[in-house]
Amino acid sequence: MEPTNGSPSSTPAAEPDFAAFDLLVDALGRWAPAGPAWPPARRVKSEWEGVAPRLDKARLELSRVLVVGVVGGTGTGKSTLVNALAGSEVTTAGDVARPTTINPVVVAARDVDVSWLPLDAMQARLVRSDSPAVANIVLVDCPDPDTQAVVGAPPAEASKPSATNRNRDLLEAVLPACDVLLLVSTAQKYRSWIVAREVAAFAPGRPLLFVQTHASRDPDIRADWRKELESQGFDVPRIFRIDGVEAAARAAAGLEPEAGFRDLVAAIDGELAGRAARRVRRTGALDLAAWFTRQARGDLAASGEPVAALAAGVETERGRLEAILARSIGETLRANRSAWQRLIADDVVARWQGGPFASFLHVIAALGSFWNRVRPGTGVVGRLLAGQSVSGAGAPRDGGWKAVEELGLPAGEVEQSRSVLAGLAARAGIQEPLVGRARLDDAAAATATAALVDRAGAWLSAGIDRLVVERRGRVGRPAIHWLFEGLFSALLVTVLVRAGWNFFHGNLWEGKPVSGIGFLEEAIVWVILWGLLLRWLVFALVRLGLDRDIQGLVGSVASSRLVDPLLADFSSAASAVSTWIDEGTRLGAEGDRLAAACGETPGLGRLRRSAT
Amino acid sequence: MVSSGQPAAPSFAAWAGSVAELCDAVDRLTPVAAALGVADASTAAWHGALYGKLRPQVSQEPLLVAAVCGGTNTGKSLITNTLVGSSISRSTPEAARTLHPVASLARGVAARTDLAVLFPGFRPVAWRSEADAVDAAASDVLVWREDPGGEQPERLVVLDTPDIDGTLRENWHRAELVRNASDVIVAVLTQQKYNDAAVRDFFAAAAAAGKTVIVVFNMVDWPRQRERIAGWLATFATETGVAAAAVYAGPHDFDAAEAGRITLIPLPELTPGGVEVPLAERLATADFDRIKRQAMAGAMRVVADPAQGLADWLDAIDRAAAGWRDAQRLLEREGRVQVELPAPPREIVWDEVWTWLEPRRSAVDLVVSGGYRTVGQGMSWAARRLGIGRTAAERKEDFAATELEALKRALADFIDRLDDACRRDERLGRLLGPRLATADRQAWYADLERRHEALPLVSDDYRTFVRTELDRFAAANPGMVKAVLTGLTVGSVVRPVMTLALFSAGAAAVPAAAGVLHHVLDFGVTVAAPLAGEGAVAAASQGIRPLIERLFAGWSAERGRILAETLHDVVLGDGVEEIGRLAASGSRPELVRARQLLVECSRECG
């Protein structure tokens with residue numbers, strides 16, 4: 001709705017940072033409601049729900065006339081001032097009873113459309129005025145904040161009129177509709193605690209004008225009021241000093257207004273009307289956004305340290321559990337040296353084809369595998385080494401702890417870690433459902449342990465495969481194969497040559513008797529022994545440096561994130577919360593930057609920071 | 001009520017004594033109430049009446065305290081200066097400048113009266129200049145000056161007070177302290193402020209405490225607003241319950257105020273009796289005794305108020321203690337952890353028994369049992385060689401590791417239950433929550449590990465315990481030693497199950513060897529059925545079984561004690577004793593006594 005002397009609404013925002021502000025509001029709109037289920041995030045979210053509509057409104061209704069709320073304690077002359085500005089008695093003023101104004105009065109020029117004002121919710125009455133002072137603004141005569149009983153006061157007796165006084169509640173229903181606050185005070189009320197409290201609650205994002213009334217009766221307290229306002233965190237460019245009664249009388253009599261009142265009207269016209277309205281609205285919105293991010297950051301700053309402590313705690317506990325797991329797996333692997341050898345040797349042998357030594361080894365391996373079937377591998381590591389499947393190793397009934405304990409990670413250690421982390425999480429205010437219980441219930445434990453066992457199985461078998469392939473490369477080379485074949489065959493050939501010489505030369509040629517079956521029996525024994533010696537040599541070759549390689553494998557426990565599933569809820573909660581905090585900090589800095597870059601509104605006051 | 005409230009002389013002394021004793025009882029209950037989480041009573045009306053009025057004034061010369069009170073910048077200091085006839089408190093055009101009460105006394109009063117007692121909460125300092133009242137560097141002082149003119153009535157004290165509605169909340173508090181001590185209040189109102197909530201609350205409390213209130217409407221646009229005053233006063237009276245003893249009007253006169261002058265015009269049409277007396281004269285000629293008695297009776301009425309008085313506070317203590325008893329029951333129910341310790345290496349207990357038996361055995365026994373031993377050792381040697389057995393040292397190591405893990409699991413379970421209890425009971429959350437949330441939990445486990453490390457498998461305590469138990473058994477059953485042998489030869493190992501509980505009175509008896517246990521952290525050991533040799537032991541005698549169970553239970557209890565110690569010393573600290581104390585505080589004798597005294601005091605006061 002355009003003001004009468006309106007700037008065309010098609011004029012693009014001349015301010016260079018308007019797009020950046022839009023982006024900031026959008027980013028805040030994504031960030032604030034998307035916080036994790038964490039108390040500070042919930043506070044930020046509910047704060048945002050109060051701020052977001054105002055920011056939207058400021059963007060959508062950029063060129064609407066400004067709504068100026070006249071606020072202040074009872075008896076300070078709000079209604080008198082409104083009457084003076086409106087040029088006639090539009091609202092009841094006086095000293096007959098306190099409070100005088102119960103229902104707010106909205107004063108607007110005849111041609112200003114105020115259909116968008118929620119008059120019903122404000123319980124307000126609309127009055128039209130032709131006064132030039134209100135030609136380009138909407139003026140609201142607000143109820144006072146001081147006559148309603150203070151919250152927490154003992155319940156008033158029903159007979160008291162004040163028991164039904166809801167002026168402050170009404171004020172709090174009116175102020176959200178206001179863009180600018182015109183704070184009216186007197187020598188008696190400029191240090192009122194309750195007025196200060198109410199104004200502080202509504203001042204963020206709302207530029208202010210300060211007016212001392214009762215100028216003809218009261219001393220000039222503007223210097224002291226300015227000090228008081230500044231101690232409450234306000235920027236106070238100027239304070240007007242007027243006498244509302246006199247101004248109203250002069251207006252009624254058609255006389256020239258006196259200087260103070262003229263200044264006020266000029267300021268309203270210059271700072272709040274027409275094109276200035278856009279700047280005021282935008283500055284107010286920016287201030288509000290910056291205010292919101294400042295409050296949010298203040299709230300989050302205190303929570304940052306415990307969240308970081310939780311993240312660090314997750315790392316510490318992960319490291320502790322990994323060390324336990326690594327030590328235990330390393331011990332098991334070293335203790336199962338023979339299983340390793342068998343594993344690797346079997347693999348090597350399986351690939352050696354042709355040649356008597358290969359055949360010899362195959363026979364031994366066949367006997368060995370029979371033995372293996374008699375003694376299946378125990379434990380997850382044992383089963384892996386024995387080439388058996390590990391999935392489904394843990395019975396879900398006991399939460400699958402058995403399999404994890406077999407791997408070498410006692411449930412007690414896991415519970416210790418989770419209990420420690422639960423303490424850190426509690427300090428950071430992070431609780432269910434963001435993290436699980438310190439003691440996993442059976443279902444959760446079964447999932448976590450199954451994941452751990454699967455990971456451990458995959459990691460171990462990959463590691464073992466790697467070692468096997470490496471060693472196969474060392475032992476399984478054709479040269480080595482043929483060397484061993486040669487060595488083994490050498491004895492075989494010697495025996496055969498000797499037996500053949502005996503038979504052909506000795507027996508058939510020279511007619512000596514056959515040396516007998518005894519020689520062959522002995523020869524077989526020696527061939528077997530020679531074969532076993534060579535097999536032992538193969539194994540020794542395989543075994544060379546195995547301990548070091550196992551150490552290397554175990555050292556990779558940390559990089560394989562084996563225990564992550566057991567602490568997943570804590571680590572993801574910590575990272576979700578800190579990511580969210582970081583994003584808030586970034587947006588806050590952006591808000592500060594925009595607010596700092598944004599031009600001042602020289603004639604208007606604003607709330608810069610919370611009262612110290 | 002005023003005349004009936006006049007206590008006769010002997011009963012006045014009794015009353016004064018009861019008030020003093022009541023204050024003592026409340027003093028003793030105050031830390032209890034704070035610990036129980038009962039809301040701080042120091043701002044309650046009854047507290048102000050009891051400590052600000054009754055206690056200081058029952059034993060002192062009955063001075064009449066008149067205080068000038070009102071909102072910021074309404075002219076309190078100016079009116080006080082006019083009342084006392086000279087400028088003792090600086091009057092400024094700026095608001096909320098008077099930070100400290102200023103008292104004007106008759107000559108000689110300061111020497112006779114302990115002002116620190118009369119005005120609790122303040123440090124009395126002698127007046128130097130009118131600037132004392134606005135000295136921002138001082139805090140909680142009460143400035144006093146004896147009237148240099150000597151005209152002030154001997155028993156009258158007139159005070160200027162800080163404001164009751166400004167942004168400095170300390171000022172409100174100081175004004176309330178002065179109000180509590182006063183008998184007469186000069187309520188300074190203006191047309192802007194007479195119906196402000198803060199102003200109403202302040203004077204409503206004065207009216208409820210039976211104080212005599214004189215109303216001054218200041219800064220009146222005289223005479224234009226003269227006829228308005230009746231309406232303002234009516235609103236004020238309805239809202240606050242104040243029945244003004246007299247009403248004055250101070251016409252607005254900026255120049256006079258600048259010069260430190262103010263005229264107070266009596267309004268006989270609004271004053272009961274209709275007499276037209278200047279304010280200073282009215283104060284000087286008032287019936288001091290009647291006003292004083294009325295104020296004391298009013299204060300007593302506030303203290304004895306059944307809904308918002310002292311009784312309510314005592315009830316709150318009762319309720320809070322009952323809440324703590326609930327919390328204690330919750331802990332008793334939830335704070336109970338079952339520890340399944342691993343079966344101990346059998347030789348740990350048996351070796352001790354053997355040592356005891358050695359001198360008591362016949363040659364045949366020695367041969368037989370020696371045979372068993374040899375065979376047993378041979379078998380275990382073979383098992384070790386085959387890789388399916390473990391050495392004794394390895395078994396002990398295994399046991400220690402499994403045991404530590406079981407203890408850690410129990411500790412984790414316990415902490416989890418405590419966390420849970422704290423979430424479910426807000427009181428527990430307040431008391432134990434910070435400890436649970438901020439403590440370094442790693443240190444708890446480290447502590448448990450340290451204690452476990454330091455505990456020998458068999459302690460001297462336990463040896464003594466075994467010997468005492470066996471001696472007792474042998475003395476009671478002389479023929480049974482042989483049966484013991486049978487049982488021991490077969491060997492039975494029990495699997496101990498231990499229960500640690502907070503506040504549990506019914507835990508199983510703990511063997512003496514377990515040492516001195518803390519009375520709130522109780523634990524009991526029960527034993528599961530023997531794993532081996534049960535038949536033999538049962539066959540030998542029913543009498544041995546309890547003995548064997550006790551021997552094992554005693555050993556396990558000693559193991560479990562380290563968990564109990566960690567829980568008590570490191571995790572809970574004195575939190576659990578504190579809960580016990582709080583739960584018991586509902587039955588403190590001071591509570592009963594305070595109730596009796598309250599009844600006595602209000603009866604004696606009429």
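The text that follows walks through the structure, step by step, so that each part is easy to find. Predicted model, so just to flag it, every value in this text is computed and none were measured. (Residues numbered from 1 in each chain as written. Chains lettered and ligands numbered in written order. Predicted model: local features only at pLDDT ≥ 70, side-chain atom pairs only at ≥ 80, totals over all residues.)

## Regarding the overall build of chain A
Within chain A, the secondary structure is distributed over 20 helices and nine strands. Over its C-alpha trace chain A gives a radius of gyration of 44 Å, far above what one expects of a compact globule, namely 25 Å for 612 residues. C-alpha atoms of chain A, sized along the principal axes, occupy 165 × 55 × 40 Å. Buried residues in chain A amount to 44% of all 612 residues. Across chain A, every contact between residues at least 6 apart in sequence was considered, and the portion connecting residues at least 24 apart equals 78%. (Helix = DSSP H or I, 4+ residues; strand = E, 2+ residues; numbered from the N terminus. Rg over C-alpha atoms; globule rule 2.2 N^0.38 Å. Buried ≥ 20, exposed ≤ 12 C-beta atoms within 10 Å, placed from the backbone. Contact = placed C-beta atoms within 7 Å.)

## Topic: unusual backbone geometry
Residue and element names in this part refer to chain A. Following Arg98, the chain continues to Pro99 via a peptide bond in cis, the omega torsion being -10°. Looking at the element boundaries, Pro99 is found in the loop between helix 3 (78–86) and strand 2 (105–109). Of note, the bond from Glu432 into Pro433 is cis; its omega dihedral lies within 30 degrees of zero at 5°. One can find Pro433 in the loop between helix 15 (411–427) and helix 16 (442–475). Here the phi dihedral of Gln123 falls at roughly 50°; this positive angle occurs in a residue that is not glycine. Within the element layout of this structure, Gln123 appears in the loop between helix 4 (119–122) and strand 3 (125–129). Residue class for Gln123 comes out partly exposed when judged on the 15 C-beta atoms lying within 10 Å of it. If you check the backbone angles, His214 has positive phi at about 60° while not being a glycine. Topologically, His214 is positioned in the loop between strand 6 (208–212) and helix 7 (222–231). Given 25 C-beta atoms within a 10 Å radius, His214 is considered buried.

## Looking at the sheet that holds strand 6 of chain A
Residues and elements named next belong to chain A. Read from one edge of the open sheet, seven strands run 3-2-4-1-5-6-8, paired in mixed fashion. Single-partner strands in this sheet number two, and they are strand 3 and strand 8 (239–241). For this sheet, the mean inter-axis angle between neighbouring strands, taken without regard to orientation, is 25°. When strand 6 meets strand 8, the two strands line up parallel, connected through three bridges. By the bridge assignment for strand 8, Phe210 is matched with Ile239. Relative to strand 8, helix 9 (residues 259–272) is tilted by about 140°, and along the sheet it contacts strand 1 (66–71), strand 4 (137–141), strand 5 (180–185), strand 6 and strand 8. (Pairing = 2+ DSSP bridges. Axes fitted to C-alpha atoms, helices over the stretch in contact; angles between N-to-C directions.)

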